[in-house]
Amino acid sequence: MTTLSPGPSAWPPPDWERRFRARRVGLPEWAAQAPDRAVVVASVGGTLEVHSWTPSTRTLVRATERTNGTTDATIDPLGTWIWWFDDTDGDEFGQWRRQPFGSPAYTRAERPIPLPDAYDAGLLLAEDGTVVVGRSGDFGTQVHALYVGPAAAGTSPRLLYAHTEPAEAAALSRDGNLVALEHSERGDSRHPALRVLRADTGATLADLDDGPGHGLFALDFAPIPGDTRLLVRHERTDVAGLLIWDVATSGVRPVDLGLPGEVADAQWYPHGRSLLIAMDHEARTLTYRYDLADGSVHQVGSTTGTVSGATARPDGDVWLARSSAAEPRDVIEASTGKTLITLGENRVPGSVPVEDVWAEGPAGRVHALLRRPVEGSEPFPVVVEVHGGPTWHESDSFSPYAAAWVDHGYAVLSVNYRGSTGYGNAWRDALEGRVGHTELEDIAAVHEALAEAGVVDRERSILAGASWGGYLTLLGLGTQPDRWALGIAGVPVADYVSAYADEMDALQAFDRSLFGGSPSQVPQAYTDSSPITYVGQVRAPVLILAGKNDPRCPFKQIENYVDMLRSHGGEVELYTYDAGHGSAVDDERVRQMRAELEFATRHLPA
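These figures come from a predicted structure and were not determined experimentally.

**Description of helix H5 (residues 468-479)**
Between the first and last C-alpha of H5 there are 16 Å, a value that for 12 residues agrees with the 16 Å anticipated at 1.5 Å per step. Inspection of H5 places Trp468, Gly469, Gly470, Tyr471, Leu472, Thr473, Leu474, Leu475, Gly476, Leu477 and Gly478 among the buried residues, and these make up the whole buried set.

**Topic: the sheet that holds strand E23 (residues 297-300)**
Pairing is antiparallel in the open sheet, where 4 strands are placed in the order E20-E21-E22-E23. Whereas interior strands pair on both sides, the edge strands pair on one side only; in this sheet they are strand E20 (262-268) and E23. Each adjacent strand pair in this sheet contributes to an overall mean axis angle of 30 degrees, direction not counted. With 8 bridges connecting them, strand E21 (residues 274-281) and strand E22 (residues 284-291) associate as antiparallel partners. Looking at the pairing, aspartate 280 lines up with threonine 285 of E22.

**With respect to the nonpolar core**
One finds Leu413, Ile443, Trp468, Ile544 and Tyr561 to be the most contacted residues of the largest nonpolar core, which totals 61 residues. Among all residues touching isoleucine 443, those that are not within four sequence positions of it are Val384, Val386, Val415, Tyr417, Leu463, Leu472 and Trp484. Formed by 29 residues, the second largest nonpolar core is a distinct cluster that contains Ile462, Tyr577, Ala600 and Leu604.

**Some points on the packing of helix H4 (residues 437-452) against H5**
Contact pair H4 / H5: the axes reach a minimum separation of 10 Å and the direction vectors enclose 75 degrees. The angle between the axes of H4 and H5 places the two elements in the roughly perpendicular class. Across the interface between the two elements, His437, Glu439, Leu440 and Ile443 of H4 pack against Trp468, Leu472, Leu475, Gly476 and Thr479 of H5. Of the residues assigned to the contact of H4 with H5, the class counts are 5 nonpolar, 3 polar and 1 charged.

Thresholds applied
- As a convention, each chain's residues are numbered from 1 in the sequence order in which they are written.
- Totals for whole chains, interfaces and linings use every residue, but because this is a predicted model, local features are given only for residues with pLDDT of at least 70 and side-chain atom pairs only at 80 or more, for both listing and counting.
- For the side-chain quantities, the full set of heavy atoms in the structure was used; hydrogens and water were omitted.
- Counting from the N terminus, the helices are the DSSP runs of H or I reaching at least four residues and the strands are the DSSP runs of E reaching at least two.
- One less than the number of residues in a helix, times 1.5 Å, gives the span that helix is expected to have.
- Categorising residues by exposure relies on relative accessible area from a 1.4 Å probe, with only protein chains included: less than 20% of the type maximum marks a residue as buried, more than 50% marks it as exposed, and the intermediate range marks it as partly exposed.
- A pair of strands counts as paired when DSSP detects no fewer than two bridges linking them.
- The axes are straight lines fitted to the C-alpha atoms, using for helices just the contacting stretch, and the angles between their N-to-C directions are given from 0 to 180°.
- Definition used in this section: a nonpolar core is a set of buried Ala, Val, Leu, Ile, Met, Phe, Trp, Tyr and Cys residues joined via side-chain atoms within 4.5 Å.
- Residue contacts are counted whenever heavy atoms from the two residues lie within 4.5 Å of one another.
- Orientation categories follow fixed angle ranges, with anything under 35 degrees roughly parallel, anything over 145 roughly antiparallel, 65 to 115 roughly perpendicular, and all other angles oblique.
- In the scheme used here, Gly and all other residues not listed as nonpolar or charged are polar, with Ala, Val, Leu, Ile, Met, Phe, Trp, Tyr, Cys and Pro taken as nonpolar and Asp, Glu, Lys and Arg as charged.

Put into structure tokens, the structure is as follows:
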């Protein structure tokens with residue numbers, strides 16, 4: 001294994017650090033009626049912030065400047081205002097602000113929604129100044145409509161919807177009067193139903209519900225005035241598909257591209273005659289244009305790697321963000337491949353490509369991605385990287401995190417266990433049987449196959465992940481103690497009962513749908529799946545990284561686990577930072593990566 005990279009005083013910085021510090025650019029969101037105005041989240045001075053961007057002149061103006069960055073933003077259809085969500089140090093609890101397009105960071109931003117702070121449950125903006133805002137908290141979910149146009153004085157929000165279960169304001173018609181909600185009134189937030197309301201009266205226009213275990217997701221209303229067609233992602237078959245629902249007539253038109261994989265996302269082209277569809281298949285996401293008139297399908301943009309976001313433009317071109325494990329992320333024009341936004345010197349060192357790995361698991365073949373270091377020989381020390389979500393998947397996309405481990409001589413194995421998306425609904429929902437243990441069975445099956453093949457070293461195997469991946473890391477250290485030499489858990493669930501009590505309300509609902517009830521209703525299920533239950537069996541040294549303002553995996557329950565592990569004689573290090581469920585600040589991301597690398601160097605057998 002190579003020597004640990006030099007500390008922060010070294011110059012020039014090593015490649016792994018340069019990847020973390022490389023300037024980052026999100027996919028621009030352009031104004032529907034002013035396509036030469038867009039909002040984009042990009043890093044300036046090492047922190048992600050919101051910017052106004054003018055494509056024709058490539059002018060970029062920073063709109064926000066906050067200690068822990070700003071990552072949630074949108075633009076109104078006329079391009080007059082950019083909106084951004086204002087929370088406190090990453091706690092995700094706050095309110096939307098707006099400021100004029102092109103205004104600098106020191107501009108005083110308005111707070112035009114006269115409602116108390118809450119968690120965000122959707123913001124939809126119409127051309128006429130109508131705003132639909134979803135809010136969640138201990139009251140459940142509320143969706144309001146209000147007018148914030150030039151004659152807004154004296155107007156107040158109208159309550160359109162309220163329920164104790166989670167909901168999301170998901171899509172708004174071109175005229176601003178039809179609001180599509182994803183709701184979980186059945187008590188299953190993982191498989192929502194749809195309801196369309198009139199914004200002027202709150203009256204229900206249409207409902208669509210496929211029943212238990214089959215979710216519906218509102219994606220995009222048709223961009224034509226008076227058009228009542230809504231794109232909907234559905235789970236009527238084993239793989240997520242697409243349909244067009246006319247909410248006025250109740251007509252439904254299935255959309256079938258005839259391609260392997262499942263629909264990840266979709267939107268209308270601005271002329272309304274074609275759809276831009278993202279398809280997930282075996283850890284890759286690619287984009288296609290579907291022409292409604294003849295059903296023809298055309299590849300758009302990259303043919304390899306993963307497209308993480310795309311938007312269709314009025315001229316027929318597409319902007320997209322893409323990368324692969326070997327190629328750093330870039331935001332480009334699909335027709336030319338040219339980079340859209342360049343922030344000075346932005347060259348990022350590449351990394352190694354991934355290899356597809358399949359192994360037999362308890363419920364069928366499990367797919368994984370393997371990165372091998374350039375130097376060294378088999379068996380390699382390995383970091384088994386566990387993805388979060390759990391409804392997510394590891395992909396053939398660029399990862400500074402994985403590349404850093406590869407630079408230091410480790411193989412990186414990323415497993416798309418049961419619970420992952422992109423492999424069918426049955427695979428995604430299979431973790432409901434015994435939460436946590438199901439996923440770890442698949443992770444162990446792939447790790448065992450590569451260990452038996454002599455590719456990875458059993459004695460130098462690290463289990464690592466963040467969020468749900470951090471949870472599975474701690475659970476795996478206690479339930480598979482003979483398999484792992486070290487554990488690195490970022491922002492994990494560590495004490496599930498305590499986490500449930502303190503986490504944000506929408507995640508409480510998620511947990512109830514996952515476990516079949518709350519901890520008071522199904523206590524044994526939570527106990528069986530909680531890492532703290534197995535703390536006495538942990539033998540490997542553990543590093544835990546935790547945000548003190550995290551509303552998803554609260555800090556108190558992590559402290560409970562650390563104290564309990566130490567009382568059992570376990571070796572644990574706790575790294576804390578003053579933000580929420582992750583950091584948008586490059587310095588902090590580098591510090592965390594360095595802490596992980598140094599922890600592995602100190603504890604892993606040579």
